[in-house]
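Chains, contacts and geometry: an overview
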Amino acid sequence: MNVLHKTPDLADAVLATLAEIPFPSVDADRPSTLLTRCPAAGVTPLHDVPALAQAAGVGHLHIKDERARMGLGSFKALGAAYVIARDAEDGNAKGRTYVTASAGNHGLSVAAGAQAFGARAVVYLADTVPEGFADRLRSFGAEVVRHGAIYEEAMAGAAQAATDNDWALLSDSSWPGYLDRPYTLMEGYLVLMQEAVAQMPAPPTHIFLQAGVGGLATACAAYARVSWGDAPRIVVVEPEAAPALYASVKAGSAQVTEGPESEMGRLDCKEPSLIALKGLARDADDFMIISEEEGAAGSTACADAGYPTTPSGGAGVAGLLAAGAFRSDLGLTPESRVLVILSEQAS
């Protein structure tokens, strides 16, 4: 485990390279209003978990529990499905084909949104994605295409299919020339943080946010700053096998990283979303990378406390538990009040 403390110079260097990239949205009211029309919509719970707080050596640990979000099992239900709902509101979804690559729950959100609004979903999966997940996508009417050994190769295949077939590419990442849909998708994630702000009994001193390409982390961090200002210390947690945000902030510009396959598979993304990188360069305080063992320990601790999840879903908890020698540097004390997101159900 290692921690990079963001400095003004590091932030300024990243922001200077992303001048043409928008900051993430903080307009939570629009997705909240639209998603309340969905029959499956509902507020997810916030739990105060004393056992985990004691294990972490903090005063309170609050878990925003996304495991049952809209029946899809993760926070991703708020993302792609919201983009398709916005298209449907404008009369542009029915009959359309949406194509994406997925390492997990994003594909389910695309599939469910397409099914709900009379569209078609095509989801590209790398060879590492289990066939059981492919079957779950098919149960929502999606067509599954196997392409490439890793997520990035599947994403390249999806992007090429969108160009070749005039399909709508719906990625949860962003890059130059592809900004509008991921910007809207991340706006959907604001709903969970808007709920958490209303549910918290007091503002947190710390927020630990797991990140893959960074969409969840940047939406939560941006809304936390609007709601609570500079007070919470925001720590972004990534696997050592895929330290895209950590490496990018350290280098002062977006980096493509390399590493082995991570058991934190939903976070195993080697390149950051540029909107997310820009938002987190502004809003996050620290960037932490954790080992596979530390990720596994986090999910085990969650299960033992009665909140089973995957190593990806519990990575925020894992980061907190692994803080160890960095506790003082991170300002963690026995009085700290920590907020984490339990982002997906156990597989």
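Residues numbered from 1 in each chain as written. Predicted model: local features only at pLDDT ≥ 70, side-chain atom pairs only at ≥ 80, totals over all residues. Heavy atoms only, no water.

Turning next to the overall build of the protein. Helices and strands together make up the secondary structure of the protein, namely 13 helices and eleven strands. Its C-alpha atoms give the protein a radius of gyration of 19 Å, within 12% of the compact-globule value 20 Å for 347 residues. Principal axes of the C-alpha set define a box for the protein whose edges measure 55 × 40 × 35 Å. Long-range pairs, those at least 24 residues apart, make up 73% of the contacts in the protein between residues at least 6 apart in sequence. Total accessible area on the protein is roughly 12900 Å²; 51% of this is exposed by carbon and sulfur atoms. Side-chain charges in the protein split into 24 positive and 41 negative, and the spacing between the mean points of these groups amounts to 6 Å. (Helix = DSSP H or I, 4+ residues; strand = E, 2+ residues; numbered from the N terminus. Rg over C-alpha atoms; globule rule 2.2 N^0.38 Å. Contact = heavy atoms within 4.5 Å. Areas by Shrake-Rupley, 256 points an atom, 1.4 Å probe, with all protein chains shown as cover. Lys, Arg positive; Asp, Glu negative; His and termini not counted. Charge placed at Lys NZ, Arg CZ, Asp CG, Glu CD.)

Attention now goes to the side chain of Gln 194. As for its position among the elements, Gln 194 is in helix 8 (residues 180-199). With relative accessibility at 19%, the residue Gln 194 sits in the buried group. Dropping the residues within four chain positions of it, Gln 194 is found in contact with Ala 28, Asp 29, Ser 32 and Tyr 223. (Buried < 20%, exposed > 50% of the residue type's maximum accessible area, 1.4 Å probe, protein only.)

What follows is about the sheet that holds strand 4 (residues 97-101). Spatially, the four strands line up as an open sheet ordered 6-5-4-7, and their pairing is parallel. The strands lining the two open edges of the sheet, one partner per strand, are strand 6 (143-146) and strand 7 (168-169). With four bridges joining them, strand 5 (residues 120-125) and strand 6 adopt parallel strand pairing. Considered in strand 6, the bridge of Val 123 is made with Val 144. On the sheet, helix 5 (residues 105-116) packs against strand 4 and strand 5 and is oriented at approximately 165° with respect to strand 5. (Pairing = 2+ DSSP bridges. Axes fitted to C-alpha atoms, helices over the stretch in contact; angles between N-to-C directions.)

Over its 15 residues, helix 7 (residues 151-165) extends 21 Å from the first C-alpha to the last, a length consistent with the 21 Å expected when each residue adds 1.5 Å. For helix 7, the full list of buried residues reads Tyr 151, Ala 154, Met 155, Gly 157, Ala 158, Ala 161 and Ala 162. Taken around the axis of helix 7, the buried residues stretch over an arc of 160°, which confines them to a single face. Those residues of helix 7 that are exposed and angled more than 90 degrees off the buried face are Thr 163 and Asp 164. Where helix 7 is buried, its residues meet strand 4, strand 5 and strand 7. Positive phi appears at Asp 166, one or two residues downstream of helix 7, with a value of about 60°. (Expected span 1.5 Å × (residues − 1). Arc of directions from axis to C-beta.)

Nothing here speaks to function; it is all geometry.
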